[in-house]
Each structure stands twice: as C-alpha cells, then as structure tokens.
Amino acid sequence: MMKIKINENFKKIKPSYLFSDIGKKVRTFSSAHPDLKIIRLGIGDVTLPLSPCVIDAMTKAVAEMGEKSSFRGYAPEYGYDFLREAIARHYERFGVSLSPEEIFVSDGAKSDLGNLVDIFGDNEILIPDPVYPVYLDSNLMSGRRVRFLAANAENGFLPLPDESLTGEGYIIYLCSPNNPTGAAYEKNELAEWISFAIKTGSLIIYDSAYEAYIQGSAPHSIYEVEGAKECAIEVCSLSKTAGFTGTRCAWTVVPAGITAGGLSLSALWARRQATKYNGLPYVVQRGAEAALSDEGRKQCMSLVAYYMENAALIADLLKKKGIWFTGGRSSPYLWLKCPGGMGSWAFFDYLLENIQVVGTPGEGFGEEGKGYFRLTAFGSREDTEEAVHRMEALL
Ligand code: MLT
C-alpha cells in the first residue's frame, strides 16, 4: 500500500477534463453504432493543413537538422532569437512595441496558462464564467481561491469590474475573443479592467489565442490599451491562427517592468521555464517564424476566412430556426441557447443520438453555461454542411 500523500487539491476538480469526457462519450456511442458517421464540432481542433510557407520553412529546417554543420541540439528555453524577433514584429501590426526579451516561446497557451500558476502565491483569482476550463482547473490544482465573474446575456458575456470587487491583489483572467462565447472586449472595456488592476495592484492574465478571428474594432492585444504593460501578461498561440494544434507553438509576453514582491515577474517566469521546460523544437520554431511573416500571415488569414465561412453557415441555420446565439463573428465558436429549454448535456445527447453531431455542452465551461451549447467552425466544409443539413432536419 502506498504511503505517500497526494496533492489533495486534485479532489476539488472534476475527475476528468471536459474534452476527455466528450471524447469518451463519443467513443462509446461510436462503438455501439460503428456504421453511423459522427461529425465532430466539439473540441476546437483545426482541420485544414499547414500553410505552404510553413511547410517550406519546416522542410528546410528538417534538412538543416540532417547536416552536421547545421544540426541543433537543445533549443533556448525561451525561444530562438529569430522567433522572438518575429513575434515582436507581429505585434507591430497592432501598433504594439515589445522587446524580444519580453516574449517567452512555448509549446502551447494551455501549458503556459497552466504553468503560470507556479510563479504566484495565494492570491484571490477572478475567472469569467463561462470560460476555457484550464484557468479554473490549474488554479484549483494549486489550491487557489477562485471567484467567478458572471458572463451572461445581460452583460454581453463581457464582465467588467464592479463594486462587489472590494479587495486588492487579484489575479484576473480575461479571454478575448472569449472561448466559448465569442464575445470580444473593446478598448474602452479593457481600459476599465486595466485601471481597476492598476488601482488594486492586481495582475491581468490575458488570453488572446483567438485574436486572428476579430472582425471590427476590438483590440488584438491587450497592449493596444494604455497602461496594460504595467499590469498584464498576455498569452497567445498559433494553434487556431496557423493550424498549429498538432504542431504546437505559443508564447507568453511578460512586460519587463512588472514587479511583485520585490521581484520581476519576467525573471520569475524565465526561472520557472528554465527549470521545467527545454524549449520548442527548432523545426517548429522555423515554421512559426514563417507563419508570422507577411506572406505567412496572409496565408494563415485565408485559413481563418475558411473557418469563418463555416461559422456563417451555422449562424444562418440558427437564425432560420430562431435559435438564440452569439459568437461566430469575431470567433470560430457559436454559442447558442439549447432549444426547448433543454439542458446542455441533454442537448449534447440529443444531437449525438439523433443526428450524430458532436458539440460542447455549455456547462462544461462554467455554471453560467448551463442551458447553452458551443459549436465550432473548425470542421471541414463538407462536415459543416452535412451537420447543418442534419440539424436543419432535426431542430
Ligand atoms: C477548445 O475546444 O476549447 C479548445 O480547442 C481547447 C484548447 O484550445 O485547448
């Protein structure tokens, strides 16, 4: 019998991760009905191949790895200079000036969002509800105190600081455009959070993984808003922009001037990464550099445009059926109210059993998501059309 103690905080989280639960339900259904074609519009996983310029760059990098003279071993923990510089140039597109030293490359926004908890102590954590489950789970795993910011139809799914927040030193998670609702903060709204954070000595952790989907005037980076460099860390990724879900590349920006407890957050994050992370593969970093070039951004934006056409097909159907929804405009996700007052998981089962379309139950993203459902536009065109066709007949 084991005599070790476990991290008791794991008892506070749900026994399995949202997308693992869904995967399991779908596998069970599929083995009971092997002849039925399931259309997966659940997890936000991309389906289009990498762009040609990314493939070219990675192919050249593979050849370099096969030559003694250009072979590379461990990559620098924070990313090669060429990629950190390419990311800094990418931010210039939004009028944001960053030094490459403020950019820390990694293998995923999910990893960074989970790992950032390591550098903080026992602060009160503010997390929008509903939102990407990683913020909550990773804070619970470390025994942090979490308070939710209700995001609902009344506030346009964009909670703002209010008089109920009387404390100080909060860690505030913001995701814009939001996963799952697709709501995106405008500059004046982010300015409210920034001024609240500065006033209360709080830190914002800003997830901009879906920035490429923004249509309209919402900022692509929190640093477009004055004051953000004093109080915000930003995490971004190439997963949804450049189709890197299986290739992996993300980064975290920790502005040089942010200090807490007498230490620079950037130095703390650097220390954490140097100890626990060995750097992203050279080949992938060359692919990422290409994706961020002018030609790469152009090619990636055509992937984004394709997915947004899928979103429009789903949106048209929902409108036609009179089903309330939001998202699908600055986001690859459509967030709908389950028809007939059905619960999120009941609607999940209803779609899976009757038409074999898989989505994500809203309550998997938080209590406020009860009665809502998320559909992703990341499927192939054929699958999206087929799903729309099936839903048209069922709903
Ligand atoms: C989602 O479906 O919410 C995302 O794919 C999850 C992720 O990006 O890790």
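Since the model is a prediction, treat every value here as computed from it, not as a measurement.

**Q** Can you tell me about the sheet that holds strand S11 (residues 325–327), naming the residues and giving the values?
**A** An order of S11-S12-S15-S14 is seen for the four strands of this open sheet, with the pairing classed as antiparallel. One side of each edge strand has no neighbouring strand; the edge strands of this open sheet are S11 and strand S14 (360–361). Both S14 and strand S15 (residues 372–376) contribute to a ladder of two bridges, which runs antiparallel. Bridge pairing in S15 links Thr360 to Arg374.

**Q** Before we move on, could you go through a nonpolar patch on the surface and cite the residues and values that matter?
**A** A cluster of nonpolar side chains, contributed by Met2, Ile4 and Ile6, occupies part of the molecular surface with about 360 Å² of accessible area. Along the chain, Met2 turns up in the segment before helix H1 (18–32). Of the residues examined, Met2 reaches a relative accessible area of 63% and is grouped as exposed.

**Q** Quick one: what's the story with the domain arrangement of the protein chain, residue by residue and with numbers?
**A** Segmenting the protein chain into domains produces domain 1 (8–50 + 296–394) and domain 2 (52–293). Computed over C-alpha atoms only, the centres of domain 1 and domain 2 are separated by 25 Å. Buried area between domain 1 and domain 2, summed over both chains or domains, comes out near 3500 Å², and the portion from carbon and sulfur atoms is 61%. Ranking the residues of domain 1 by area buried against domain 2 places Leu50, Arg297 and Ser330 at the top, with a combined share of 23%. Put simply, Glu211 and Arg297 hold a salt bridge, and the shortest N to O gap is 3.1 Å. At the surface where domain 1 touches domain 2, the tally comes to 15 residue pairs in polar contact (both at pLDDT 80 or more). For the side of domain 1 that touches domain 2, the secondary structure elements donating two or more residues are helix H11 (294–321), S11, strand S12 (333–337) and S15. At nine residues, the largest contribution of residues to the side of domain 1 that touches domain 2 is made by H11. When its residues are assigned to classes, the side of domain 1 that touches domain 2 shows 19 nonpolar, 11 polar and seven charged.

**Q** Explain the site of the ligand residue by residue, including any values.
**A** Close contacts around the ligand come from Phe19, Ile43, Gly44, Tyr132, Asn179, Lys240, Tyr333 and Arg374, and that covers them all. A distance of 2.6 Å separates an oxygen atom of the ligand from a polar side-chain atom of Tyr132. For the ligand, an oxygen atom lies 2.7 Å from a polar atom in the side chain of Arg374. Bound to the protein, the ligand loses 85% of the 260 Å² it would expose on its own. Split into classes, the residues belonging to the shell around the ligand amount to four nonpolar, two polar and two charged. Looking at which domains feed residues into the shell around the ligand, each of domain 1 (8–50 + 296–394) and domain 2 (52–293) supplies at least three.

**Q** Residue-level account of the sheet that holds strand S2 (residues 103–106), with values.
**A** Spatially, S2-S8-S7-S6-S5-S3-S4 is the arrangement adopted by the seven strands of the open sheet, whose pairing is mixed. Lying at the two open borders of the sheet, with one neighbouring strand each, are S2 and strand S4 (145–150). Strand-to-strand, the axes of this sheet are offset by a mean angle of 20 degrees, without reference to chain direction. Summarising the sheet, strand S3 (residues 124–129) and strand S5 (residues 171–175) pair through two bridges and their orientation is parallel. The residue of S5 that forms the bridge with Ile125 is Ile171. The sheet strands contacting helix H3 (residues 81–92) are S2, strand S7 (232–237) and strand S8 (250–253), and the helix crosses S2 at an angle near 115 degrees. Taken strand by strand, helix H9 (residues 265–276) contacts S2, strand S6 (203–207), S7 and S8, and its axis lies near 25 degrees from that of S2.

**Q** Give a description of helix H5 (residues 134–141) that names residues and reports values.
**A** The buried count for H5 comes to six of eight residues, which makes it a mostly enclosed element. For H5, the set of buried residues is Val134, Tyr135, Asp137, Ser138, Asn139 and Leu140. Among the structural elements, helix H4 (109–115), S3, S4, S5 and S6 are those in contact with the buried residues of H5. One or two steps after H5, the chain reaches Gly143, where phi turns positive at roughly 70 degrees.

**Q** Please provide a residue-by-residue account of the packing of aromatic side chains, values included.
**A** With the rule as written, the count across this model stands at 26 aromatic pairs. Relative to Tyr173, the ring of Tyr135 has its centre 4.9 Å away and its plane inclined at 20 degrees; by these criteria the two rings are stacked. Linking Tyr135 in helix H5 with Tyr173 in strand S5, this pair joins segments that are 38 residues apart in sequence. An angle of 85 degrees between the planes, with centres 6.0 Å apart, marks the rings of Tyr213 and Phe378 as edge-to-face. Of this pair, Tyr213 sits in the loop between S6 and helix H7 (228–231) while Phe378 sits in the loop between S15 and helix H13 (381–394), and the two are 165 residues apart along the sequence. Judged by its relative accessible area of 1%, Tyr213 falls in the buried class. Residue classification places Phe378 among the buried residues on the basis of a relative accessible area of 0%. An aromatic cluster is defined as three or more aromatic residues linked by ring pairs; in this entry it consists of Tyr17, Phe19, Phe157, Trp324, Trp335, Phe365 and Tyr372. Sitting over the ring of Phe104, Arg84 keeps its end group 5.5 Å from the ring centre. Positioned above the aromatic ring of Tyr333, the side-chain terminus of Arg374 is 3.8 Å from the ring centre.

Definitions and limits used
- Residues numbered from 1 in each chain as written.
- Predicted model: local features only at pLDDT ≥ 70, side-chain atom pairs only at ≥ 80, totals over all residues.
- Heavy atoms only, no water.
- Pairing = 2+ DSSP bridges.
- Helix = DSSP H or I, 4+ residues; strand = E, 2+ residues; numbered from the N terminus.
- Patch = residues over 30% accessible without salt bridge, like charges linked within 9 Å, V, L, I, M, F, W, Y side chains within 5 Å.
- Areas by Shrake-Rupley, 256 points an atom, 1.4 Å probe, with all protein chains shown as cover.
- Salt bridge = Lys/Arg side-chain N within 4 Å of Asp/Glu carboxyl O.
- Buried < 20%, exposed > 50% of the residue type's maximum accessible area, 1.4 Å probe, protein only.
- Domains from an automatic or database assignment.
- Buried area = accessible area lost by both parts, 1.4 Å probe.
- Polar contact = N/O pair within 3.5 Å; in protein donor to acceptor, adjacent residues only side chain to side chain.
- Nonpolar A, V, L, I, M, F, W, Y, C, P; charged D, E, K, R; others polar.
- Near = heavy atom within 4 Å.
- Axes fitted to C-alpha atoms, helices over the stretch in contact; angles between N-to-C directions.
- Contact = heavy atoms within 4.5 Å.
- Phe/Tyr/Trp six-rings, centres within 6.5 Å; stacked < 30°, edge-to-face > 60°.
- Lys NZ or Arg CZ within 6 Å of the ring centre and 35° of its normal.

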